[in-house]
Number of protein chains: 6
Amino acid sequence: MAGLKYMSGFGNEFASEDSRCPGSLPEGQNNPQVCPYGLYAEQLSGSAFTCPRSTNKRSWLYRILPSVRHKPFSPMSCGDLTESWNEVEPDPNQLRWKPFNIPKSSEKKVDFILGLHTVCGAGDSKSRNGIAIHMYTCNTSMIDKCFQNADGDLLIVPQQGEILITTEFGKMMVEPNEICVIQQGMRFSVDVFRETRGYILEVFGAHFELPDLGPIGANGLANPRDFQTPVAWYEDHTVAIGYTIVNKYQGKLFSCQQDFSPFNVVAWHGNYTPYKYNLENFMVINCVAFDHADPSIFTVLTAKSTHDVLNNAVSNRHSCLSHPSAWL
Amino acid sequence: MAGLKYMSGFGNEFASEDSRCPGSLPEGQNNPQVCPYGLYAEQLSGSAFTCPRSTNKRSWLYRILPSVRHKPFSPMSCGDLTESWNEVEPDPNQLRWKPFNIPKSSEKKVDFILGLHTVCGAGDSKSRNGIAIHMYTCNTSMIDKCFQNADGDLLIVPQQGEILITTEFGKMMVEPNEICVIQQGMRFSVDVFRETRGYILEVFGAHFELPDLGPIGANGLANPRDFQTPVAWYEDHTVAIGYTIVNKYQGKLFSCQQDFSPFNVVAWHGNYTPYKYNLENFMVINCVAFDHADPSIFTVLTAKSTHDVLNNAVSNRHSCLSHPSAWL
Amino acid sequence: MAGLKYMSGFGNEFASEDSRCPGSLPEGQNNPQVCPYGLYAEQLSGSAFTCPRSTNKRSWLYRILPSVRHKPFSPMSCGDLTESWNEVEPDPNQLRWKPFNIPKSSEKKVDFILGLHTVCGAGDSKSRNGIAIHMYTCNTSMIDKCFQNADGDLLIVPQQGEILITTEFGKMMVEPNEICVIQQGMRFSVDVFRETRGYILEVFGAHFELPDLGPIGANGLANPRDFQTPVAWYEDHTVAIGYTIVNKYQGKLFSCQQDFSPFNVVAWHGNYTPYKYNLENFMVINCVAFDHADPSIFTVLTAKSTHDVLNNAVSNRHSCLSHPSAWL
Amino acid sequence: MAGLKYMSGFGNEFASEDSRCPGSLPEGQNNPQVCPYGLYAEQLSGSAFTCPRSTNKRSWLYRILPSVRHKPFSPMSCGDLTESWNEVEPDPNQLRWKPFNIPKSSEKKVDFILGLHTVCGAGDSKSRNGIAIHMYTCNTSMIDKCFQNADGDLLIVPQQGEILITTEFGKMMVEPNEICVIQQGMRFSVDVFRETRGYILEVFGAHFELPDLGPIGANGLANPRDFQTPVAWYEDHTVAIGYTIVNKYQGKLFSCQQDFSPFNVVAWHGNYTPYKYNLENFMVINCVAFDHADPSIFTVLTAKSTHDVLNNAVSNRHSCLSHPSAWL
Amino acid sequence: MAGLKYMSGFGNEFASEDSRCPGSLPEGQNNPQVCPYGLYAEQLSGSAFTCPRSTNKRSWLYRILPSVRHKPFSPMSCGDLTESWNEVEPDPNQLRWKPFNIPKSSEKKVDFILGLHTVCGAGDSKSRNGIAIHMYTCNTSMIDKCFQNADGDLLIVPQQGEILITTEFGKMMVEPNEICVIQQGMRFSVDVFRETRGYILEVFGAHFELPDLGPIGANGLANPRDFQTPVAWYEDHTVAIGYTIVNKYQGKLFSCQQDFSPFNVVAWHGNYTPYKYNLENFMVINCVAFDHADPSIFTVLTAKSTHDVLNNAVSNRHSCLSHPSAWL
Amino acid sequence: MAGLKYMSGFGNEFASEDSRCPGSLPEGQNNPQVCPYGLYAEQLSGSAFTCPRSTNKRSWLYRILPSVRHKPFSPMSCGDLTESWNEVEPDPNQLRWKPFNIPKSSEKKVDFILGLHTVCGAGDSKSRNGIAIHMYTCNTSMIDKCFQNADGDLLIVPQQGEILITTEFGKMMVEPNEICVIQQGMRFSVDVFRETRGYILEVFGAHFELPDLGPIGANGLANPRDFQTPVAWYEDHTVAIGYTIVNKYQGKLFSCQQDFSPFNVVAWHGNYTPYKYNLENFMVINCVAFDHADPSIFTVLTAKSTHDVLNNAVSNRHSCLSHPSAWL
C-alpha cells in the first residue's frame, strides 16, 4: 500500500477519477441526463444547502449502482457503544484510564466495529450538539462490511497498529502519529494488520476546521497543505451472500444488506471528503522568552460550539504542566 | 366570508381598528391612562424586549376585558399530541405515511383540537429548541372554545377543506394551496365546513422569516407583499356557561374557563400578528440551462436554527428528483 | 390639503393605488407583460440587489410614461450649493450661525431649489461616504419643475412655513415640528405658502433607520407606527413648454426637459418610499433619579457610518447642558 | 468589617496583593520558575482559552499550597437542591411564593449550604445551557467549610441579614439592597450574623455582563465604576480535623477534605473575580412624557442566551404595571 | 499551447512543481534553511497576515533568483492610463462607447501595456477603495517585459483574440468567452496572436470571490470546480540587455530592469494565484413561471465593498430588460 | 520623578483622585449639582455615545476651571507637520531614512511641538481614515504650553532621551524601550532632559487595542496588566502672561491662550486615558521547531481598519528575515 496517492490541501474543491475510467467525471455540469459509463450521480451533503460558501460542504459521487439500493435497516447490538451518559452518576474527581486490552486474534476475532467502546460524552446526537469519546481495539479486518456514522464526524487517532481505511472517496493508510477524519454519512471499511488500538473523537452537529490564527499570521500550527485526501478508487464487486452496512443513527447501531460493494464510486468532486494529517508536520509555536502559553497553542483542528465563550471547558484550575504533544 | 379583508406585507408595523369603533386605536402613544371606549391596553411580546429592530416583535391590543380575567388552568387529556419522542426508538429507514383518516361527523364530532395528531419531532419546547410535525383531522367547528400554543409558532397547511380562523387580530379564511402562521401565544378558534385535514409544522424558539435571497436579488420566491394579515374584528360576547381556553404548554394541554369571548380586541397595532400566504404567488426560480438546483430553491419561509451550519438536515444522499411543489 | 391621507409604519412593504384607477396595482406579480391600464412598470432600487432582507430597499412604480423619456441633462448653476469643503480652511472654534434671511417674494421669486445653501459637510458623494448640511429659504412654489438627488437621502426639517411635497409616491404636507425624508433618486416638487425656511441633512451612502433600543425595550423614542408614508396620487399632465427635472449628481446640478409631469405614478408598492414624522410623538426617555443621559437619548433616526466606533463625532468635551428638543 | 476595601470597576484587569506580603505578586510575567515567598501559581479560567479579548476571562492566583491538594470528592446529600425540573409537571398558571421560613438557630443550626432550596429552573448544567433559581435561609456561619459551584455563576441577592463572603480573592460584606456575583469555580465561605434569607440566580454556560446601552449612551443604568471587587486577603490556617470543600457538580453535591484553608491566596491578578454592587447606585432611566418603558429598562446585569431572540421569555401578555425596583 | 494543464477549484490550497525539477517543492515546511535545488523561498501575501482563514491569502514561491534583485524603479509615461477621475466633470446622462480601434501591427507595434486605456473609475488605489475600468487593444506580444499591478486585482475579459498569459505561477491561454483574474502583485506577460481587444475591471482593496448563494443552495451560477489555475512553469533565462518590469503603483507606471526572467518559479504552493473561467460553464438560474429576476442573478464573481448596502450602484431605475449574458 | 505611580491594566474603568483633595471624586453619580470642592464636571468622549460596551470610551474629569474657558484659536505655522501626501509623487522603491538630526539646545531651543516632522502617511483626518508617521527631535521642555491632537491617537516611541509627559490625567515618565499612547483630544505637555528623539504613529478614526490572540490563548504577547495609566495630579496655576494650547485639527496647527494651566484635573474616572507600556514585558512567542512565523506575531497594539482584509499592507514579497524587536 506504499503506492497510495493523496491530494493535498484542507477543504479544497477536489476532483478525482479512477485512472481505469478516464473521462468518468462529468465536465461542466454535475448532473447530466446520462453520465459517462452509465454511472449514477449522487450528491452527499455535509451542511445545509443554504450555508454560506465558507461552511457549505458537499460532494458529487459518480457510482456504478445507487447507494439507496439496499434492504431495510434493522437494529443490532450496540456492544460497548452508548450515548446514555445521562444515566451515569457525575463524578468531579480527576480520572485516568488504564489502556484498554486488545483481544488476541487467536482467541476472538474482533473487527473495528465490534471493537468500539464508548468512554464518555456529553450532549446528544438527536439535538445535534455534543461530543463522544470512544476507543477501538481490534485484531481483524472488516470483510464485506462497512460502517457509516449518521450522527457526526469521527476523528480517529491510531495509537497502536496502522489502519487501512477504504472509503467511498478512496483509500487512506493511517499510522500512529497520524490522525484522520471521516465525516458524517461517509461509508468506510477498516483493514488492520496486527493487534490495533486507537482513540476516536466524535462531534455532533459541527465539522472540524482549522483554527483562525490571529497574530500568528498566515502560517503556523497545522498548515492546510499538509492535509491529505484520497484519490478515487472503486471496486465493481458483487457479494452474493450479502454486503453488510452498519449505520450508527441516534446513538444506536443498525445493519442492512445489499448485494454489491458500496466502494463503487468511479469518480467524484467536491469539498466534503475524508482526510488525514501527519502530526510531524505540526509547526509548533510557543513562548521563547518566559512563561508558557495555554495548551490551545497546540490545536490541530477545532469544532466550534454554539456557545462562543465555551469552545472548551471553562473554569479549570491549571498548575504548571508541560504539554509535549499536539492537542487535538 | 368572501368579504374578508386583509392587509398586505410581511413583518410590517400594521395598525387596524374595527370600523364599528372609529378612533378606538390610541394615537401618538401606546398606553394612555384611559383608552378610547374604556378599552384595556395589552402588549403581546413575540421576542425579548431587548432584541434589535429586525427581530423585535410585539403588538398592542385594545380589548373590552383583559385577557388575564380567566379561572385557573387545569390539565386535560392530550389525545394524540405528544412531545415525548425521546421515548420512541430511532429508525434510520425512509418512512412514508398513509393519509390519516378523517372521522365522519355523523359518527363522532371532532374539532380542530381533538383532531390533532403528532407525527414526529425533535428537541423540546422547554429549552426552546426544536420542531414538531402534527396532522389535524376534524369535522366540526370549535364552539365557545379557543386554542393557544405557548410552545411555539404553528405553520398550518390545509390539505382538504378550507378553515376559517378567528384570532385576536381578526379573521382569516385559509384554503388548500394556502398556508398560514399563528404565532406563539395568539388565541384562535377554527371553523370548518366539511371533513377537513391538514399539516402543522410547529417551531420552538424561533419565528418564521423570509430567507435572504443573495444573488437572486430584490424580488423572487415568496414576495413580502403577497403575505396577508387580518384586520381587527371583535365580538362583545358573554358566555354564561363558560368559554374554554385550551393552552398547549410544555407539550401538554391545559384548559380554563372565562365568561366572555377572547376575541374582544377592538383595535390593535404592531408587527406580531398571524398571517397567510397563497402558494400560487410563489415566484418560482430554477436552472434554465442544465442541471437543477437544490430543493432549498423552493423555500417559502424559514425558521433559523442556532447552528448556522445545520439549518436543515445534513449529510443527505440525493439522487436526482424533481420537486414540483414549493418547499416550506 | 387637510384631506391628505398617509399609511403608518416605518420600512413597511407598502402598497397603494390611486382610487381613480382601481385595480391598477398588478396582483401576484411585479412585472406583467401588459400592466393594468397600459401602465409602465419600473423598479426603483434603494440598495444593492443582493442586500439581506433587513437592508434591501426597492419599490415598484406603475406609471403612465416611463421615467427615462426625457431629453439629455445639461449642467446648470449650483448657486450656493457645494460639496467642495476640502477647499475651505478648517476652523477648530465653536461656530454659530445667525438665521439665514428669507428673500421677500415681492423682491425676488425664489423657489426651494434656488433657495438651497450649503452650510458644511464632510466626505463626498462620489465615494458614497459622508454628509452635508444645507439650509433652504424660499417664497415661491416650484412650477413645472421637480428635484431629484442622485447623491443621497435628504432629511428635511421645516423651521418656518409648512411645505407641501409632491412625490412620485404621493403628497405630504410637512409643518414645523415635523420632519420628512426624501430618499435618494426620488423626484419631488415643493409648494410653499409664505416665506419659508428650514434645514436639510443629506447623507451619502446610507439610509436613515430607527436606532436599536437595547434595554429601552420594544417601545420608546420614535415609535415606528408614527411614521407616515403618502398614498399614490398621479397627474396625467402634459407640459408643452417643458417640464424641468433638476438633478443633483456628484454635488453638481443638472437639468433636463420632458413634456409631461413625472408625478404620473398611478400605483406603487415597496419599502423604498418618502415619509414624514411628527416630533410630538417622540416618546421621551431620560434619567429620573440623578445625573442626565448623553444626548443620543434623543435620537429620532440614525444613518450608520462604516466606522462602528464613530457613528457620531468623537472626543468631544461636554459640560452639563440641557437638550430640550429631539436630536436627529 | 467596616474596614473592608474594594477595587472599583467592572471586568477590569485587577491586581492585588495582601499588604502583609509586599512583592508577592510576580512582576512582568505570570509564571516564574520560583514565585515570591515560594507561592504556587495557578490560573483559574472563566472562558475558553481562545475567546476574543472581550469575553476572555481568567485570573492568576499565587497561593501557599496548591488547590489540588485535597482528598477525593464523595457524594453527599443535596437537601433541597435539585436540577431535576423535567420530572415536575408543568403548570401554566401564574405562581407566587410565600416567604421561606428561616429556621431558628436555637432549634437547628443551618448554614448557607444546608439552607439552599431550589425554586425552579430550566435547561441543565451538563449541556451548559439554562438557569436555576434558589433561596437560601440560614442562621449560622460556615465553619472550616467552603462552597464551590462547578455548574455556573451565582448572583446572590440578600433579602434579610447581611452576609460576609470570604473568597479566594478576598472578603466582601453584602447587605440587603446590594447584590453580588460569585463566578463558576470560585471557592467561598459565608458568615452570617442573624437569621438570614436571600435569593440566588444561577446561570449555566454564560457570565453576567453589563447590557449594551444603545441610544442611552455612555452612562446610565448600572455604571461600571460602581461595581466592587475585593482585595487580596489570605489565612495560613492549618485545619487538623479537616477543612471541607463542598462542590456542586452537574446539579449534585460532593464533598472532600483537606488539611488547610483554601483562602490562602496571597496575591492575584486578572479579570475573573467575584464582585458586588449596591442597587442605590442604579441610574434609573424611564419615560418622562407619556407611556412607560418595558421592564428591561431596569436591567442591572444580563447573561446572554445563545438564542438572540430569546434573551428573556417571549410571548408574554403585559397589562400596565409599575416596576418600582431594579430588574436583574 | 493546446497542451496547457490547469488545476481545478476556486481558492484551493494548490501545490505545483515543474516536472523538470521533481522534489523542488519543500515537504512539511515552507522555509527550509536550504531549499531543494538551491531555490529561494518567497511568500507573496494577498491579505493581512492576521485575516481569518476564509480571507487569508498567500502563496509560497520557490525561485531561481530572488524577486528583489532588480535595479531601482523610475517613472515612465502612463499613456492612456489614469486614476484622476476627480478631475473629470460628472455627467448624469447614460453613456455608451463605440469600440476602441485596434492599431494595425503594420503601422505601429503596440503591446498589452502600451494598449491600456482607462475608461472610468471611482475611489483611489492609495486609500485602497474603488474600481477602475480599462480597455486593452494590442497587436504584439510583450518581449522581455512583464507587468505587475501593485494597486489591485485585474479581471481580464478578452473580446477579440485569445491571449497567452505567462505568470510566476505558470501559463494560461484565455480566449473570448473566458475571463481570467491576475491578483495584486503578480507579475505576468501577455502574448497575442492577432489584433486583440478586451476589457479589464480593476478593484482596489478587495479580492474577487464567489457570491454566497442563499436559497439557491450548494450548486449554481459559477461552480467552484470550473475555475482553473495554472501549473508551475519556469524559464532559466538570462537577459543581458535587460528584462523590464513595469509596475503600476498608485495609478502611475514605473519601470525597472533586471538581467533575468521573473518567470523563474520552479515550484509553488498556496491559495493566492491567478485563475481563469469559461463562461459556458455558468449554471444559469432564473424565473421559470413569471416575472424576471434582478441582474444580480448573473453574478460570476463579486468583490465586496465596505458598505454592506452598496455592493453595487443604488437608486437605479430599471425598465424591463433582458440580460442574455453573464454579469460579472 | 522616580516616585511616579501608575495604575495597571488595559482599558480598565479606572478611578483616581489627587491625594491632596480627598473625596474629590463624586461617589455614586457622575454629575452632581455641586461637585466636591466646587469642581467642574466634564465628560471627555473617545467614541460615539452609542458604541457597545467593548468599544465605548469616555472619562469624567473634575477640574478647577472648565476647559472651554480659553480665547479663540487662530492658525499658526505647521513647521514640518503635514497631511498633504497626495501632493507627493508616489515611489515604489524601498526607502530608508537616516536618523533625523537633533538640534543643539545651545543653538536653537526646540520643544516637542516645534520638533515634529511628518515622514509619511495615507488617508486623511477629516474623513477619519488613515495614519501618519512623524519624528520628533527636541532639546527643550514645553513651558506654559500644551498640545492637543483633535485628529487621532498618538503612539509615541522614544528612541533617545526619556520624556516626562504631563496630561490632564496625571504624569508619565516614558523612556527608550517604552511606548506610550495619548488618545485623541487629550491635552499634554512634554518635558525633556537632553537631546531627545523618537517616533510617533498617528491613527485617525480608530483606537489602539490589544489583538485577539486566537489559539495563543489567554496569555501572551502584550499582557493587559503590564499597561500603566497615570494617577490624578493637578496644579492650580495661574499664568498671567498666558498659557498656550496648541491644537492639531484636520492636519493644521492652531493656538489659543488661557490664563491658567489645563492640568487642573483634581480627580477623574473612566476608561479613556493615556497609558504606557514597557517592551521588556512583551511575552515573545514564535516557532520552536522549524520555519518562522509572520511578523504579526510581534504585534503589541493594533488599530483596526474598516477593511477586514487589509489591516496591514497586502501583496508584499517576503524573503526570510529575522525580526528581532517587537512590532507595533
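Parameters at a glance
- Residues numbered from 1 in each chain as written.
- Chains lettered and ligands numbered in written order.
- Predicted model: local features only at pLDDT ≥ 70, side-chain atom pairs only at ≥ 80, totals over all residues.
- Heavy atoms only, no water.
- UniProt positions renumbered as here; feature names shortened; annotations may be inferred.
- Helix = DSSP H or I, 4+ residues; strand = E, 2+ residues; numbered from the N terminus.
- Rg over C-alpha atoms; globule rule 2.2 N^0.38 Å.
- Buried < 20%, exposed > 50% of the residue type's maximum accessible area, 1.4 Å probe, protein only.
- Contact = heavy atoms within 4.5 Å.
- Areas by Shrake-Rupley, 256 points an atom, 1.4 Å probe, with all protein chains shown as cover.
- Pairing = 2+ DSSP bridges.
- Phe/Tyr/Trp six-rings, centres within 6.5 Å; stacked < 30°, edge-to-face > 60°.
- Polar contact = N/O pair within 3.5 Å; in protein donor to acceptor, adjacent residues only side chain to side chain.
- Axes fitted to C-alpha atoms, helices over the stretch in contact; angles between N-to-C directions.
- Salt bridge = Lys/Arg side-chain N within 4 Å of Asp/Glu carboxyl O.
- Disulfide = S-S within 2.5 Å.
- Core = buried A, V, L, I, M, F, W, Y, C linked by side-chain atoms within 4.5 Å.

An unreviewed UniProt entry annotates chain A as Homogentisate 1,2-dioxygenase of Sinocyclocheilus anshuiensis. According to UniProt, the comment filed for chain A under the heading Pathway (unreviewed entry) is "Amino-acid degradation; L-phenylalanine degradation; acetoacetate and fumarate from L-phenylalanine: step 4/6." For the record of chain A, the UniProt heading Sequence similarities (unreviewed entry) holds the text "Belongs to the homogentisate dioxygenase family."

S.K.: Whenever I open this one, the overall build of chain A confuses me. Can you help?
M.R.: When helices and strands are tallied, chain A shows zero helices and 21 strands. Over its C-alpha trace chain A gives a radius of gyration of 20 Å, about what one expects of a compact globule, namely 20 Å for 328 residues. Taken over the C-alpha atoms alone, chain A extends approximately 65 × 50 × 40 Å along its principal axes. Every one of the 328 residues in chain A was classed for burial, and the buried ones make up 60%. Restricting to contacts in chain A with at least 6 residues of sequence separation, those with at least 24 account for 75%. Summed over all atoms, the accessible surface of chain A reaches about 13000 Å², with 51% contributed by carbon and sulfur.

S.K.: Help me understand the pairing of strand 4 (residues 58-63) of chain A, please; the structure alone is not making it clear to me.
M.R.: Every regular strand shows the same layout, with side chains that alternate between the two sheet faces. Residue and element names in this part refer to chain A. Here strand 4 lies mainly inside the structure; six of its six residues are buried. For strand 3 (residues 40-45) and strand 4, the ladder comprises six bridges, and the chain directions are antiparallel. Bridging from a neighbouring strand, L44 pairs with S59 of strand 4. For strand 4 and strand 18 (residues 265-270), the ladder comprises five bridges, and the chain directions are antiparallel. In the strand pairing of strand 18, Y62 is matched with A267.

S.K.: Would you take a moment to explain the packing of aromatic side chains for this structure?
M.R.: Where two aromatic rings form a pair, the distance of their centres and the angle of their planes describe that pair. All names here are of chain C. Following the criterion strictly, the structure yields 54 aromatic pairs over all chains and no others. Relative to F188, the ring of F147 has its centre 5.7 Å away and its plane inclined at 75°; by these criteria the two rings are edge-to-face. Of this pair, F147 sits in strand 8 (residues 145-149) while F188 sits in strand 13 (residues 188-192); the two residues are 41 residues apart in sequence, bridging distant segments of the chain. In terms of burial, F147 and F188 fall into one category: buried.

S.K.: Sorry if this is basic, but what is going on with the side chain of S261 of chain F here?
M.R.: Residues and elements named next belong to chain F. Here S261 shows up in the loop between strand 17 (252-260) and strand 18 (265-270). A distance of 2.6 Å separates a polar atom in the side chain of S261 from a polar atom in the side chain of E235. Other than its neighbours up to four places away in sequence, S261 contacts E235, H237, V239 and Y243.

S.K.: Would you mind going over the UniProt feature "domain: Homogentisate 1,2-dioxygenase N-terminal" (unreviewed entry) in chain A with me for this structure?
M.R.: With numbering aligned to this structure, UniProt lists the feature "domain: Homogentisate 1,2-dioxygenase N-terminal" (unreviewed entry) at residues 5-279 of chain A. End C-alpha atoms of residues 5-279 of chain A are separated by 18 Å, and the span's content is 0% helix alongside 43% strand.

S.K.: How do you make sense of the sheet that holds strand 1 (residues 6-8) of chain E when you look at a structure like this?
M.R.: Strand pairing in a sheet is mediated by backbone hydrogen bonds. Such pairs are either parallel or antiparallel. Residues and elements named next belong to chain E. With antiparallel pairing, the eight strands of this open sheet are ordered in space as 1-15-19-12-9-14-7-6. The sheet is open, and its two borders are formed by strand 1 and strand 6 (116-124), each paired with just one other strand. Strand-to-strand twist of the sheet, defined as the mean angle between neighbouring strand axes without regard to direction, takes the value 20°. Examined bridge by bridge, strand 7 (residues 129-138) and strand 14 (residues 196-204) share nine bridges and lie antiparallel to one another. Residue H134 lies in a different strand from strand 14, and its bridge partner there is I200.

S.K.: I keep staring at the pattern of salt bridges and nothing clicks. Help me out?
M.R.: Opposite charge on two side chains lets them pair, provided their charged atoms get close. The tally for this structure, following the rule as stated, stands at 72 salt bridges over all chains. Between E89 of chain A and K252 of chain D there is a salt bridge, and its shortest N-O distance comes to 3.3 Å. Note that E89 of chain A is positioned in the loop between strand 5 (74-75) and strand 6 (116-124) and K252 of chain D in strand 17 (residues 252-260), a pairing that runs across two chains.

S.K.: I would appreciate a short explanation of the state of the cysteines in the present structure.
M.R.: Put plainly, a disulfide is one covalent bond tying together the sulfur atoms of two cysteines. Under the definition given, this model contains zero disulfides over all chains. As a non-bridged cysteine, C51 of chain E has C287 of chain F as the owner of its nearest cysteine sulfur, 19 Å distant.

S.K.: Hey, could you run me through the side chain of R58 of chain C in this one?
M.R.: Inspection of the secondary structure assignment puts R58 of chain C in strand 4 (residues 58-63). Here the side chain of R58 of chain C touches N219 of chain B through a polar contact of 2.9 Å, side chain to side chain. Leave out the neighbours within four places in its chain, and R58 of chain C touches A218 and N219 of chain B together with E13, Q43, L44, S45, G46, G270, N271 and Y272 of chain C.

S.K.: Is there a simple way to think about the sheet that holds strand 7 (residues 129-138) of chain A in this case?
M.R.: Residue and element names in this part refer to chain A. Spatial strand order, 1-15-19-12-9-14-7-6: eight strands in an open sheet with antiparallel pairing. The open sheet is flanked by strand 1 (6-8) and strand 6, the only strands paired with a single partner. Mean inter-strand twist for the sheet, computed between neighbouring axes without regard to direction, equals 20°.

S.K.: Is there a simple way to explain the nonpolar core in this structure?
M.R.: Across soluble globular proteins, you tend to see nonpolar side chains buried next to one another. One finds F227, V300 and L301 of chain B together with F227, V300 and L301 of chain E to be the most contacted residues of the largest nonpolar core, which totals 52 residues. Apart from the residues within four sequence positions on either side, F227 of chain E is in contact with M7, S8, G9, F10, L210, A222, Y275, K276, Y277, V300 and L301 of chain E. Counting 51 residues, the second-largest nonpolar core is a separate cluster that includes L279 and F290 of chain A together with V157 and L301 of chain F.

S.K.: Honestly, unusual backbone geometry in this entry has me stumped. Any pointers?
M.R.: Peptide bonds are mostly trans, and most non-glycine residues show a negative phi. Unusually for a residue other than glycine, D291 of chain A sits at a positive phi of about 55°. Of note, D291 of chain A is situated in the loop between strand 20 (285-287) and strand 21 (317-318). Residue D291 of chain A is classed as buried on the basis of its relative accessible area of 17%. Not every positive phi belongs to a glycine, and Q250 of chain B is a case in point at roughly 50°. Structurally, Q250 of chain B is set in the loop between strand 16 (238-249) and strand 17 (252-260).

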